[in-house]
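Summary of the model geometry
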Amino acid sequence: MSPRVIQRRESGSAPPGQVWYTSYGSNTCLERLSYYIVGGRPPGAARAYPGCRDTRLPRVSVPVELDGVMYFATESPVWGGGRAFYDPGVRGRVLARAHLVSVGQFSDIAAQEMYREPGVDLDLTEALSKGRAVLGGGRYEALVCPGALDGVPVLTFTAPWSVDELEWNKPSASYVRVLGSGLLEAGAWDVDTVARYLAACPGAAGRWTAREVEELIAESE
């Protein structure tokens, strides 16, 4: 399977009923994503998730590549170490996985990542028309729409700051393992490609080697 190519989306398109929620972090792993949808506490996690109003899992998930860079920063209370963020304004390639979900599910997943209560649909107008919308100053409170797949908008969320605006932080072994496993699960990249990619991301570069990342992924198989 090859990564799907994201197409330009016309700004005048009708409001969607579905979107491609595109994860570049731990929700590349379907098992991990299921806790945001169905609810519950993932194994080893310090936090339980309330889940979505609509608990159906994605109809389909496909591998994609985004323009930009993924980097690790701040300190995750769930994983320890740096969290994954996405900066679309820097030249590079981000390996990701797009999940076809309803607007309500995307809104509820985003709310849980923003430490807000799920249950209210987000206003996607600005994100869809301008490609970006900042909903707040916290982590994962900026929506990004890089384009569309099959006419359905691709949406993700990240921090409102850029890759160079804060100090990078090494991600934990458990976090790297989940990211690697999720990308490998997507079916477009082999383990060597995934390991080299993750080891080169700012925050991981110089702190994790591709060989070490590959060994972490192997532990989860």
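Residues numbered from 1 in each chain as written. Predicted model: local features only at pLDDT ≥ 70, side-chain atom pairs only at ≥ 80, totals over all residues. Heavy atoms only, no water.

1. Things to note about the pairing of strand β5 (residues 93-102)
Buried residues dominate β5, accounting for nine of its ten residues. Taken together, the six bridges between strand β1 (residues 18-23) and β5 define a ladder with antiparallel strand orientation. The residue bridging Trp20 from the neighbouring strand is Leu100, located in β5. Pairing between strand β2 (residues 61-67) and β5: seven bridges, direction antiparallel. (Buried < 20%, exposed > 50% of the residue type's maximum accessible area, 1.4 Å probe, protein only. Helix = DSSP H or I, 4+ residues; strand = E, 2+ residues; numbered from the N terminus. Pairing = 2+ DSSP bridges.)

2. Focus: the pairing of strand β8 (residues 152-158)
For β8, the buried fraction is high: seven of the seven residues fall into the buried class. The pairing of β1 with β8 spans two bridges and is parallel. Note that in β8 the partner of Trp20 across the bridge is Val154. Both strand β7 (residues 142-149) and β8 contribute to a ladder of six bridges, which runs antiparallel. Each residue of the ladder has a partner; that of Leu149, found in β8, is Val152. Between β7 and the antiparallel strand that follows it, β8, lie two residues; Asp150 among them carries a positive phi value of about 55°.

3. Some details on the packing of helix α4 (residues 173-186) against helix α6 (residues 210-219)
The description of two helices packed together rests on the angle between their axes and the distance between the axes. The N-to-C vectors of α4 and α6 enclose an angle of 75°; their axes lie 8 Å apart at closest approach. Overall, the two elements α4 and α6 adopt an arrangement that is roughly perpendicular. Residues Ala173, Val176, Arg177, Gly180, Ser181 and Leu184 of α4 pack against Val213, Leu216, Ile217 and Glu219 of α6. Within the contact of α4 with α6, the residues separate by chemical class into six nonpolar, two polar and two charged. (Axes fitted to C-alpha atoms, helices over the stretch in contact; angles between N-to-C directions. Parallel < 35°, antiparallel > 145°, perpendicular 65-115°, else oblique. Contact = heavy atoms within 4.5 Å. Nonpolar A, V, L, I, M, F, W, Y, C, P; charged D, E, K, R; others polar.)

4. Examining α4
End to end, α4 covers 20 Å across 14 residues, agreeing with the expected 20 Å (1.5 Å per residue, within 8%). All buried positions along α4 are accounted for by Tyr175, Val176, Val178, Leu179, Gly180, Ser181, Gly182, Leu183 and Ala186. Those residues of α4 hidden inside the fold are in contact with β2, β3 (69-73), β4 (83-87), β5, α5 (191-200) and α6. The positive-phi residue at the C-terminal boundary of α4 is Gly187, with phi of around 90°. (Expected span 1.5 Å × (residues − 1).)

5. Focus on the packing of aromatic side chains
Between two aromatic rings, the relevant description is the distance of the centres plus the angle of the planes. Applying the stated criterion across every chain, the model contains eleven aromatic pairs. Ring centres of Tyr24 and Tyr86 lie 5.7 Å apart, and the angle between their planes is 45°; on these two criteria the pair is classed as tilted. Residue Tyr24 is found in the loop between β1 and α1 (30-38), and its partner Tyr86 is found in strand β4; the two are separated by 62 residues along the sequence. For the residue pair Tyr24 and Tyr86, the accessibility class agrees, reading buried in each case. Considering the side-chain rings of Trp79 and Tyr175, the 5.3 Å spacing of their centres and the 40° angle between planes classify their relative orientation as tilted. Residue Trp79 is found in the loop between β3 and β4, and its partner Tyr175 is found in helix α4; the two are separated by 96 residues along the sequence. Here the aromatic cluster, defined as three or more aromatic residues joined through ring pairs, consists of Tyr21, Tyr71, Phe85, Phe106, Tyr140, Phe157 and Trp161. Lying over the aromatic face of Trp208, Lys170 brings its terminal NZ or CZ to 4.7 Å of the ring centre. (Phe/Tyr/Trp six-rings, centres within 6.5 Å; stacked < 30°, edge-to-face > 60°. Lys NZ or Arg CZ within 6 Å of the ring centre and 35° of its normal.)

Function cannot be read off these values alone, since they describe shape.
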